[in-house]
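Read off the chains here:
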Amino acid sequence: MGAYNASKAAVISLTETLAAELGGTNVNALAVMPTFFQTRLLDTARAGTKEMATARRWMETSNFTAEACAKAILEAVVAGKFHLALPADSRWMWRLKRLLPAYFVSRLRKGGGRSTRRT
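Visitor: So what's going on with helix α2 (residues 49-61)? Which residues, and what values?
Guide: Compared with an ideal rise of 1.5 Å per residue, which puts 13 residues at 18 Å, α2 spans 18 Å between its outermost C-alpha atoms and is within 8% of the ideal. Among the residues of α2, those classed as buried are Met-52, Ala-55, Trp-58 and Met-59. Along the axis of α2, the buried positions cluster into a sector of 130°, meaning they face one direction only. For α2, the exposed residues set more than 90 degrees away from the buried face come down to Thr-49, Lys-50 and Glu-60.

Shown next, in the form of structure tokens:
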């Protein structure tokens, strides 16, 4: 997961830089941070057996669809948003990570990295 997470962090950082550099123009930047929903992402992923099984279970049990993700992204772009965590009930994770990073990591270690509500 290291390379995957590093690339996600890089995209967020690049988006924040673009937003700052493009300030005052008609161009907006949006960092989209979706949690698990059904895609073929795991078909080519390389991770430990336990991690893959957990990720696969979260993907397969998610009621959040790619279509819902796309709709939310378009709505956020029109609204001029800057960060978008999806689905809505996962936004607590983004806030927790930003405000209490050590606690966030401890929750991940305990397997608490996913919202308990299904969307």
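Read on, since the account is not over.
Visitor: An account of the nonpolar core is needed here, citing residue identities and associated values.
Guide: Membership of the largest hydrophobic core is limited to eight residues, which are Leu-30, Phe-37, Phe-64, Cys-69, Ala-72, Ala-76, Leu-84 and Leu-86. Put simply, the parts of the chain that give this core at least two residues each are α3 (66-79) and β2 (83-86). At three residues, the largest contribution of residues to this core is made by α3. Sequence-distant contacts of Leu-30, defined by excluding residues within four places in its chain, comprise Thr-15, Ile-73, Ala-76, Val-77, Lys-81, Phe-82, His-83 and Leu-84. Listed in part, the five residues of the second largest apolar core include Ile-12, Ala-31, Met-33 and Trp-94.

Visitor: Give me the lowdown on the pattern of salt bridges, citing residues and values where you can.
Guide: In the structure shown here, the tally under the stated rule is two salt bridges. Note that Arg-98 and Glu-16 form a salt bridge whose closest N and O atoms lie 3.7 Å from each other. Pair noted here: Arg-98 is in helix α4 (residues 91-99) and Glu-16 is in helix α1 (residues 2-21), with a separation of 82 residues, a long-range link. On the accessibility criterion, Glu-16 (26% relative accessible area) is partly exposed. Residue Lys-71 pairs with Glu-75 through a salt bridge whose shortest N-O separation is 3.7 Å. Of this pair, Lys-71 and Glu-75 both sit in helix α3, four residues apart, roughly one helical turn. We classify Glu-75 as partly exposed; its relative accessible area is 47%.

Visitor: Tell me about unusual backbone geometry, residues and numbers included.
Guide: Leu-86 connects to Pro-87 through a cis peptide bond whose omega is -10°. Turning to its location among the elements, Pro-87 is positioned in the loop between β2 and α4.

Visitor: So what's going on with the side chain of Thr-15? Residues and values would help.
Guide: Note on placement: Thr-15 falls in helix α1. With relative accessibility at 9%, the residue Thr-15 sits in the buried group. If near-sequence neighbours (up to four positions away) are discounted, Thr-15 is found in contact with Ala-29, Leu-30, Ala-31 and Phe-82.

Rules used in this analysis
Residues numbered from 1 in each chain as written. Predicted model: local features only at pLDDT ≥ 70, side-chain atom pairs only at ≥ 80, totals over all residues. Heavy atoms only, no water. Helix = DSSP H or I, 4+ residues; strand = E, 2+ residues; numbered from the N terminus. Expected span 1.5 Å × (residues − 1). Buried < 20%, exposed > 50% of the residue type's maximum accessible area, 1.4 Å probe, protein only. Arc of directions from axis to C-beta. Core = buried A, V, L, I, M, F, W, Y, C linked by side-chain atoms within 4.5 Å. Contact = heavy atoms within 4.5 Å. Salt bridge = Lys/Arg side-chain N within 4 Å of Asp/Glu carboxyl O.

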